[in-house]
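So you can see what is in the structure, the chains are spelled out below.
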Amino acid sequence: MIRISDVSKSYGELLAVDRLSFAIQKGEIFGLLGPNGAGKSTAIAITCGLLVPDRGEVQVNGHRPVSKAAKRQIGLAPQSLAMYEDLTGLDNLHFFGSLYGLEKPLLEERIQWVLEFSGLTDRAKDRVETYSGGMQRRLNLAISLLHDPEYLLLDEPTVGVDPQSRNKLFDCVLALKARGKTIIYTTHYMEEAQRLCDRVGIIDHGRLLALGTVDELIGEHGGDGEISVTTAEQTIVKTTGRPIADMKALLDAHDDIRDLKLIRPSLESVFLNLTGRQLRD
Amino acid sequence: MNILLSMVKKDFKLIFRDKMTVFFTFIFPILFAAFFGSIFSGGSDNNQLSVAVADLDRTADSEAFVQRLIDSDELAVDVMEEPAARNAVRRGSKVAYILIPAGFGEKYGSLFTGGTPELTIGVDPSRQAESGILQGSLMKLGVERFENALSDNQQLSAQLDQSIAAIEQSDDMPEQWKSLLGDYLPQIKALTEQDAADNSTDNPDGATTGMAGAFTPLALNFEDVAIQRDGPQNGYAVTIPQAMYWAIMGVVMGFGVSLVQENTFGTMTRLVTAPITRTQILGGKSLGCFIALCMVSGALFLIANQVFSVPIDAPLKLVLAIASVGVGFVGIMMFLAAIGKTERGVSGLGWGVMMIFAMFGGAMIPLFVMPGWMKTVSHLSPVKWSILAFEGATWRNFSYSELILPCGIMLVLGITCFIIGSRTLKLEN
Ligand SMILES: Nc1ncnc2c1ncn2[C@@H]1O[C@H](COP(=O)(O)OP(=O)(O)O)[C@@H](O)[C@H]1O
Ligand SMILES: [Mg+2]
């Protein structure tokens, strides 16, 4: 389990992370959703020991993040690509794998696996420079999988990736969850959080505003849904906090119904309700 | 250790991808050494042996002999006074001097009488190998003397007349000899003249060489030369340690930049989040830098030795010099990376600092030709001490205790810079 307790970090005057607390359970995909500059990357950096918080503490399976024990359990795919573009994919994997002290046969096996997993086997011997944006992202992820860590920290893994590659990445993330990995996934796309994450923390200006499953968040903060019923004569649209009851009442009242719609509030409306701003600026 | 080695391997791969660094680190220094080495080697390019000649005889024959020396392909001749000639060899600017003693011309000019012409020769003892070439080419000139005289019938005829006259006038020659030669020589003369009439294009090569072999063409008297000089005998011995510095600079800049580039590439994030220590990260970089420094220095000395014939008499001392210079510049690399912080900072600061070191340290002007004040300033440049370590291990023939100073300075400097640099350096930004 990763436990983040009362963590703050400022850059000079700017409070990037403000008394953040949450715990991540084994086997879940935990989403950190927030706009650019919300403090997601800073939170990730503190979690993996890159940054030391000004206050509070982080525990990874009870270890401090800077300890070797914690580092072996964490795989980080940084937001900005972290690899040698002048080297081949294979060279990168060999080098970063060697940092974890894997024995040669095991390292080779892991390299084969991550290449296959990320669909890069064919291009392994090409220089990273020649990869497409999506392939570079996948290699960035593949490198963090080499030492088979329990926890994966994926910081905006879909930035700069075309829709097709994005779907491939989603498949990868879900496949990793199926293999029992625990994943922290940061994004500013609410669709991604909604589609992938078991639980989502909504973060803005360094503060955690809400935390729960997507349904819980929507139920609590999503506000009213929208129902619309179309009869032969008219279309009735209604904003309501009790969509099911209201829909039932409408269905009972009209015989000639041609169409009906139930639009649930999204995480977008959760964010809007919590901050008064749109998620995407 | 495995981690350090894989860091070294990775950095080497990266550095070798950078064509500019490879050029300035590996190719440029060799070109530099070859170009300036050939200039410093004082005209002895095309492999001519440079000799000083002093003509003490000053006769037409001796002057003709000097001209033969000047014309010969093997020798680059400077004619000077005797003391100047001796000095030139003592100071190492000439390989040998050739003194032509009084009376040489007379002996040289007459074939059958007058005795063997003698030369006095002094050779730089460190270039004994070349004295063989010198002997060979002088003997060839001596033999040519016979060949020319004998292959030219008219000259031979004149020679014979001269000899007959000399024999007739001679007081100390026994009568039997006088009468024998008195009969014999005119007959040779008659034969020669008949031969000339028969066949003017005649080339009696075989016969004359056979005849020449019966005489000693030249007697060479070798003198011992006490050497006293500031510079090495081989120009490359100066330019190789200088060239080395350009290679060292390439490596230092390459690794300094690659250290801060880990930040630019974002790869420092991965290094820092891997279960390795800060010491291992910096150690891996330093080890790579050290190995690269030793490799380029070693390779340059190997080329110096094999291609440019720079003597390496004490390989162990050279290893010591290379290793301590390596340590020194690893420290400087670390310091530059810590102070420069960014790629631009490191390369700007680095080139500036390294160039000033180079200028005052003897990488541009050799230390031994620097004016006094500049020699004093050069003490502040690590380049001076590294060049001194290299030169001490090669042509300066330092003892181990003499080597301690330059090597020790490089070691202390390197370790100090390394400690300051590695403490100051921020891995994560
Ligand atoms: N190294 C830094 N120095 C100063 N300010 C920083 C630094 N890194 C991030 N910040 C600031 O901290 C805030 C949070 O940044 P970040 O954690 O990167 O947000 P996110 O990843 O959610 O976009 C932003 O306002 C950003 O400008
Ligand atoms: Mg970020």
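Residues numbered from 1 in each chain as written. Chains lettered and ligands numbered in written order. Predicted model: local features only at pLDDT ≥ 70, side-chain atom pairs only at ≥ 80, totals over all residues. Heavy atoms only, no water.

Enquirer: Would you explain the overall build of chain A in this entry?
Expert: A tally of helices and strands in chain A yields 10 helices and 12 strands. Counting only C-alpha atoms, chain A reaches 75 × 45 × 30 Å along its principal axes. Here chain A, with 281 residues, has 52% of them falling under the buried criterion. Accessible area for chain A stands at about 12,800 Å²; split by element, carbon and sulfur atoms hold 49% of it. Distance from the positive charge centre (33 side chains) to the negative charge centre (39 side chains) of chain A: 5 Å. (Helix = DSSP H or I, 4+ residues; strand = E, 2+ residues; numbered from the N terminus. Buried < 20%, exposed > 50% of the residue type's maximum accessible area, 1.4 Å probe, protein only. Areas by Shrake-Rupley, 256 points an atom, 1.4 Å probe, with all protein chains shown as cover. Lys, Arg positive; Asp, Glu negative; His and termini not counted. Charge placed at Lys NZ, Arg CZ, Asp CG, Glu CD.)

Enquirer: For this particular structure, what's the right way to read the site of ligand 1?
Expert: All names here are of chain A. Around ligand 1 lies a shell formed by Tyr11, Leu14, Ala16, Pro35, Asn36, Gly37, Ala38, Gly39, Lys40, Ser41, Thr42 and Gln79. At 3.2 Å from an oxygen atom of ligand 1 is found a main-chain nitrogen or oxygen belonging to Ala38. At 2.8 Å, a backbone N or O of Lys40 approaches an oxygen atom of ligand 1. Among the elements of the structure, strand 2 (14-24) and helix 1 (40-47) are those that each provide at least two residues to the shell around ligand 1. Looking at which element gives the most residues to the shell around ligand 1, the answer is helix 1, with three residues. Residue composition of the shell around ligand 1, grouped by class: five nonpolar, six polar and one charged. (Near = heavy atom within 4 Å. Polar contact = N/O pair within 3.5 Å; in protein donor to acceptor, adjacent residues only side chain to side chain. Nonpolar A, V, L, I, M, F, W, Y, C, P; charged D, E, K, R; others polar.)

Enquirer: Can you walk me through the coordination of the magnesium ion (ligand 2) in this structure?
Expert: All names here are of chain A. For the magnesium ion (ligand 2), the full set of protein donor atoms is Ser41 (OG) and Gln79 (OE1), at a range of 2.0 Å. With Ser41 in helix 1 and Gln79 in the loop between strand 5 (74-77) and helix 3 (89-98), this residue pair connects regions lying 38 residues apart in the sequence. Judged by its relative accessible area of 29%, Ser41 falls in the partly exposed class. (Donors = N, O, S within 2.8 Å, 3.2 Å for Na, K, Ca; no water.)

Enquirer: Which parts of the structure should I look at to understand helix 14 (residues 343-361) of chain B?
Expert: An α-helical turn contains 3.6 residues, so any two residues separated by three or four positions project in the same direction. All names here are of chain B. Spanning 19 residues, helix 14 covers 26 Å between terminal C-alpha atoms, matching the ideal 27 Å at 1.5 Å per step. The set of residues buried in helix 14 consists of Val346, Gly350, Met354, Ala358 and Gly361. One side of helix 14 holds all its buried residues, which, seen down the axis, span an arc of 80°. Elements that come into contact with the buried residues of helix 14 comprise helix 10 (235-265), helix 13 (315-340), helix 15 (372-378) and helix 16 (382-393). With its phi angle positive at about 95°, Gly362 sits one or two positions after the end of helix 14. (Expected span 1.5 Å × (residues − 1). Arc of directions from axis to C-beta. Contact = heavy atoms within 4.5 Å.)

Enquirer: What is the right way to look at the interface of chain B and chain A in this model?
Expert: Interfaces are frequently sized by the accessible area removed from exposure as the parts join. Between chain B and chain A, the contact holds 21 residues from the first and 23 residues from the second. Together chain B and chain A conceal approximately 2,200 Å² of surface at their shared face, both sides included; 65% is due to carbon and sulfur atoms. Summed over the three residues of chain B that lose the most area to chain A, namely Arg270(B), Thr273(B) and Pro275(B), the buried surface amounts to 35% of that side. Where chain B touches chain A, the interface holds one salt bridge. Lys13(B) is paired through a salt bridge with Asp91(A); the nearest N and O atoms lie 2.8 Å apart. In this structure, the connection of chain B to chain A is made through 10 residue pairs in polar contact (both at pLDDT 80 or more). At the level of secondary structure, the elements contributing two or more residues to the side of chain B that touches chain A comprise helix 1 (2-17), helix 10 and helix 11 (267-273) of chain B. Ranked by residues supplied to the side of chain B that touches chain A, first place goes to helix 1 of chain B with seven residues. (Buried area = accessible area lost by both parts, 1.4 Å probe. Salt bridge = Lys/Arg side-chain N within 4 Å of Asp/Glu carboxyl O.)

Enquirer: What is the right way to look at the sheet that holds strand 2 of chain A in this model?
Expert: For sheets, the rule is that strands pair by backbone hydrogen bonds, running either parallel or antiparallel. All names here are of chain A. In spatial order, the strands read 2-1-4; together these three strands make up an open sheet with antiparallel pairing. What marks the edges here is a single partner per strand, and that holds for strand 2 and strand 4 (55-60). If you compare each strand with its neighbour and ignore which way they point, the axes differ by 20° on average. Sheet topology note: the strand 1 (residues 2-11)/strand 2 ladder contains seven bridges and is antiparallel. (Pairing = 2+ DSSP bridges. Axes fitted to C-alpha atoms, helices over the stretch in contact; angles between N-to-C directions.)

Enquirer: Would you explain the environment of Arg90(B) in this entry?
Expert: Position of Arg90(B) among the secondary structure elements: in helix 4 (residues 82-90). Distance from Arg90(B) to Val123(B), taken between C-alpha atoms, is 9.1 Å for residues 33 residues apart in sequence.

Enquirer: Whenever I open this one, a nonpolar patch on the surface confuses me. Can you help?
Expert: Together, Met20(B), Phe23(B), Phe24(B), Ile27(B) and Leu31(B) give the surface a local cluster of nonpolar side chains, amounting to about 460 Å² of exposed area. As for its position among the elements, Met20(B) is in helix 2 (residues 19-40). (Patch = residues over 30% accessible without salt bridge, like charges linked within 9 Å, V, L, I, M, F, W, Y side chains within 5 Å.)

Enquirer: What should I look at first to understand the environment of Ile39(B) in this one?
Expert: The residue Ile39(B) is located in helix 2 in this model. Each C-alpha atom, one on Ile39(B) and one on Thr239(B), is 9.8 Å from the other, the two residues being 200 residues apart in sequence.

Enquirer: Looking at this structure, I do not really get the side chain of Ser6(B). What am I missing?
Expert: Within the fold, Ser6(B) resides in helix 1. Given a relative accessible area of 16%, Ser6(B) falls into the buried group. If we ignore the near neighbours within four places in the chain, the residues touching Ser6(B) are Phe95(A) and Ser98(A).

Enquirer: Before we go on, may I ask you to explain the sheet that holds strand 1 (residues 49-55) of chain B in this structure?
Expert: Residues and elements named next belong to chain B. Across the sheet, five strands lie side by side as 2-1-3-4-5; this open sheet has mixed pairing. Strands with a single pairing partner mark the edges of an open sheet, and in this sheet they are strand 2 (75-79) and strand 5 (219-223). Pairwise comparison of adjacent strand axes, ignoring direction, gives a mean angle of 30° for this sheet. The pairing of strand 1 with strand 2 spans five bridges and is parallel. Across the sheet, Ala52 pairs through a bridge with Asp78, a residue of strand 2. Here helix 4 sits on the sheet and contacts strand 1, strand 3 (96-100), strand 4 (118-123) and strand 5; the angle it forms with strand 3, its principal contact strand, is near 160°.

Enquirer: Help me understand the nonpolar core, please; the structure alone is not making it clear to me.
Expert: If you look at soluble globular proteins, the nonpolar side chains tend to sit buried side by side. If you look at the biggest cluster of nonpolar residues, it comprises 152 residues, and the most contacted ones within it are Leu99(A), Leu139(A), Leu267(A), Phe329(B), Met354(B) and Phe390(B). The element contributing the most residues to this core is helix 10 of chain B, with 17 residues. When sequence neighbours within four positions are dropped, the list of residues in contact with Phe329(B) reads Tyr245(B), Ile248(B), Val252(B), Leu293(B), Met354(B), Pro382(B), Val383(B), Ser386(B) and Met410(B). The next biggest cluster of nonpolar side chains, apart from the first, holds 22 residues, and it includes Val51(B), Val53(B), Ala96(B) and Leu138(B). (Core = buried A, V, L, I, M, F, W, Y, C linked by side-chain atoms within 4.5 Å.)

Enquirer: Could you clarify how one ought to interpret the side chain of Ser137(B) in this entry?
Expert: Residues and elements named next belong to chain B. Examined against the element boundaries, Ser137 turns out to sit in helix 6 (residues 128-151). At 3.1 Å, the side chain of Ser137 and the backbone oxygen of Leu134 are in polar contact. Other than its neighbours up to four places away in sequence, Ser137 contacts Glu74 and Leu75.

Enquirer: What am I meant to see in the pattern of salt bridges here?
Expert: Two side chains bearing opposite charge may form a pair once their charged atoms approach each other closely. Residues and elements named next belong to chain A. Evaluated as defined, the whole model comprises 29 salt bridges over all chains. When the shortest N-O distance is used, the salt bridge between Asp198 and Lys177 registers 2.9 Å. One end of the pair, Asp198, is in the loop between helix 7 (190-196) and strand 8 (199-204); the other, Lys177, is in helix 6 (residues 163-178), and 21 residues separate them in sequence. Of the residues examined, Lys177 reaches a relative accessible area of 29% and is grouped as partly exposed.

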